[in-house]
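# Coordinate inspection notes
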Amino acid sequence: MLQIHQFPCLDDNYGFLVHDPETGATAAIDTPDADVYLAEAARKGWRITDIWNTHWHPDHAGGNAAIKAATGAVVSGPAEVARIGVAPDRVLQGGDEARLGGRVARVLDVGGHTLGHIAYVFDADHAAFVGDALFALGCGRMFEGDPVQFWASLSRLAALPDETVVYCAHEYTASNAKFALHVDGANPALVAYADEVARKRAAGQPTVPTTIGAERAANPFLRAPALKAGLGLADDAEAFATLRRMKDTFK
Ligand code: ZN
Ligand code: FE
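An account of the accompanying structure is given in this report. Fair warning: this is a prediction, and the values are worked out from it, not measured in the lab. (Residues numbered from 1 in each chain as written. Chains lettered and ligands numbered in written order. Predicted model: local features only at pLDDT ≥ 70, side-chain atom pairs only at ≥ 80, totals over all residues. Heavy atoms only, no water.)

## As for the coordination of the zinc ion (ligand 1)
In ideal tetrahedral geometry, four donors around a metal make angles of 109.5 degrees, whereas ideal octahedral geometry with six donors gives angles of 90 or 180 degrees. In this structure, H55 (NE2), H57 (ND1), H113 (NE2) and D132 (OD) serve as the protein donors to the zinc ion (ligand 1), at separations of 2.2 to 2.3 Å. Each of the four donor atoms bound to the zinc ion (ligand 1) contributes to angles spanning 86 to 172°, and the resulting shape is irregular. We note that the donor set of the zinc ion (ligand 1) lies within a single chain, spaced as H-x1-H-x55-H-x18-D. Taken as an interatomic distance, the gap from the zinc ion (ligand 1) to the iron ion (ligand 2) is 3.2 Å; D132 donates to each of them. (Donors = N, O, S within 2.8 Å, 3.2 Å for Na, K, Ca; no water. Tetrahedral: all angles 85-135°; square planar, octahedral: opposite > 155°, others 65-115°.)

## A few points about helix 5 (residues 173-184)
Counted at 1.5 Å a residue, the expected span for helix 5 with its 12 residues is 16 Å, and the 15 Å between its end C-alpha atoms agrees. Here helix 5 has its buried residues at T173, N176, A177, F179, A180 and D184. Turning to helix 5, the residues buried within the fold contact strand 11 (134-135), strand 12 (138-139), helix 6 (188-202), helix 8 (224-227) and helix 9 (236-249). (Helix = DSSP H or I, 4+ residues; strand = E, 2+ residues; numbered from the N terminus. Expected span 1.5 Å × (residues − 1). Buried < 20%, exposed > 50% of the residue type's maximum accessible area, 1.4 Å probe, protein only. Contact = heavy atoms within 4.5 Å.)

## A look at the packing of helix 5 against helix 9
Axis separation between helix 5 and helix 9 bottoms out at 11 Å; the angle between their running directions is 125°. Here helix 5 lies oblique to helix 9, going by the angle between them. As helix 5 packs across helix 9, the resulting crossing turns out to be right-handed. On the side of helix 5, the interface is formed by S175, N176, F179 and V183, while helix 9 contributes L243, M246 and K247. (Axes fitted to C-alpha atoms, helices over the stretch in contact; angles between N-to-C directions. Parallel < 35°, antiparallel > 145°, perpendicular 65-115°, else oblique. Left-handed = near helix turned anticlockwise from the far one by under 90°.)

## Remarks on the coordination of the iron ion (ligand 2)
Note on the iron ion (ligand 2): its protein donors are D59 (OD), H60 (NE2), D132 (OD) and H170 (NE2). The metal-donor distances range over 2.0 to 2.3 Å. If you look at the iron ion (ligand 2), its four donor atoms make angles of 83 to 167° with each other, and the shape they trace is irregular. Within one chain, the residues donating to the iron ion (ligand 2) are spaced in sequence as D-H-x71-D-x37-H.

## Describing the packing of helix 4 (residues 147-158) against helix 9
For the pair helix 4 and helix 9, interaxial distance at closest approach is 9 Å and the crossing angle is 100°. Comparing the axis directions of helix 4 and helix 9 gives the class roughly perpendicular. Where helix 4 abuts helix 9, its residues P147, V148, F150, W151 and L154 lie against D236, A237, F240 and A241. For the contact of helix 4 with helix 9, the per-class residue count stands at eight nonpolar, no polar and one charged. (Nonpolar A, V, L, I, M, F, W, Y, C, P; charged D, E, K, R; others polar.)

## Observations concerning the pattern of salt bridges
Opposite charge on two side chains lets them pair, provided their charged atoms get close. Taken as a whole and judged by the stated rule, the model has 12 salt bridges. Between D125 and R103 there is a salt bridge, and its shortest N-O distance comes to 3.0 Å. Of the two residues, D125 is situated in the loop between strand 9 (118-122) and strand 10 (127-131) and R103 in strand 8 (residues 103-109); the sequence distance between them amounts to 22 residues. The pair D125 / R103 is uniform in exposure class, with both members buried. (Salt bridge = Lys/Arg side-chain N within 4 Å of Asp/Glu carboxyl O.)

## Things to note about the packing of aromatic side chains
In the structure shown here, the tally under the stated rule is 13 aromatic pairs. A centroid spacing of 5.0 Å and a plane angle of 75° characterise the contact between F135 and Y172, whose relative ring orientation is edge-to-face. In this pair, F135 is assigned in strand 11 and Y172 in the loop between strand 13 (165-168) and helix 5, connecting sequence segments 37 residues apart. Under the relative-accessibility criterion, F135 is labelled buried at 4%. Between F179 and F250 the ring centres are 5.3 Å apart and the planes differ by 70°, which places this aromatic pair in the edge-to-face class. (Phe/Tyr/Trp six-rings, centres within 6.5 Å; stacked < 30°, edge-to-face > 60°.)

## Focus on the nonpolar core
In terms of nonpolar packing, the biggest core is built from 48 residues, with W52, Y120, F129, L154 and L157 touching the most fellow members. Beyond its immediate sequence surroundings of up to four residues, W52 is in contact with A27, A28, I29, D30, S76, A98, R99, L100, A105, Y120 and F122. (Core = buried A, V, L, I, M, F, W, Y, C linked by side-chain atoms within 4.5 Å.)

## Brief notes about the pairing of strand 10
Of all five residues that make up strand 10, five are buried, and the element is covered over most of its length. Side chains of strand 10 alternate between two faces, with A127, F129 and G131 and A128 and V130 buried alike. Hairpin connection of strand 9 to strand 10: four residues between the antiparallel strands, including H126 at a positive phi of 55°. Here strand 10 runs beside strand 13; their pairing, made up of four bridges, is parallel. Directly across from G131, in strand 13, lies its bridge partner C168. (Pairing = 2+ DSSP bridges.)

## As for the sheet that holds strand 6 (residues 90-91)
Strand order in this open sheet of six strands is 1-2-3-4-5-6, and the pairing throughout is mixed. Of all strands in the sheet, those with a lone pairing partner are strand 1 (3-9) and strand 6, marking the two edges. With seven bridges connecting them, strand 1 and strand 2 (residues 13-19) associate as antiparallel partners. Bridging across to strand 2, I4 finds its partner in V18.

Pasting the structure below:
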């Protein structure tokens, strides 16, 4: 069974180390901060053998060079990671597989936040590392992609089994909940979810990970098909784009 260690990084990122106890292989999922990752690995007694990037942004790949220099880790990720210095040793795209010791992750194309954004899905372990594509009650800003692409990406994630545990890269949930309630406040699953978020944050607890089931029920972006009529729209991708635009300026 895969072991997953989650810890805070930078202002509001989460770091993840994924460890296969049978082989000792350990992957850093993204590299927001090399020092924190190396310290957390040492604390667990794990040696980082692999770096798996989700997209090129500095709070996801900025620590590649330092972690690679310190550990000799092999870097896998989308080609776009080369934009910030260390080109991946192994370029990945949707449809590929990534291996960590004896465990296998499917690589999903989840472009939209950036064009080459990928997610890593360990089907057998019910774990998905989604970077900035999907957040608890939210999704990444559409910096590079277009609505049709981003909607297809979110649909790919939404199609995973409900019990899939979703490791998102940021603690944005409290502010995401405000927007979600603004556009979907009559949804009882969302109201219950938002209450739970408020309780966890008041207790200083993370709201990540979440699950695909919880997000399908309450995340307004995944609920674009259910919300489109209220927006006066007939198309799912257009409804998604409208919600994304609304969120960009929501206060
Ligand atoms: Zn990003
Ligand atoms: Fe990010």
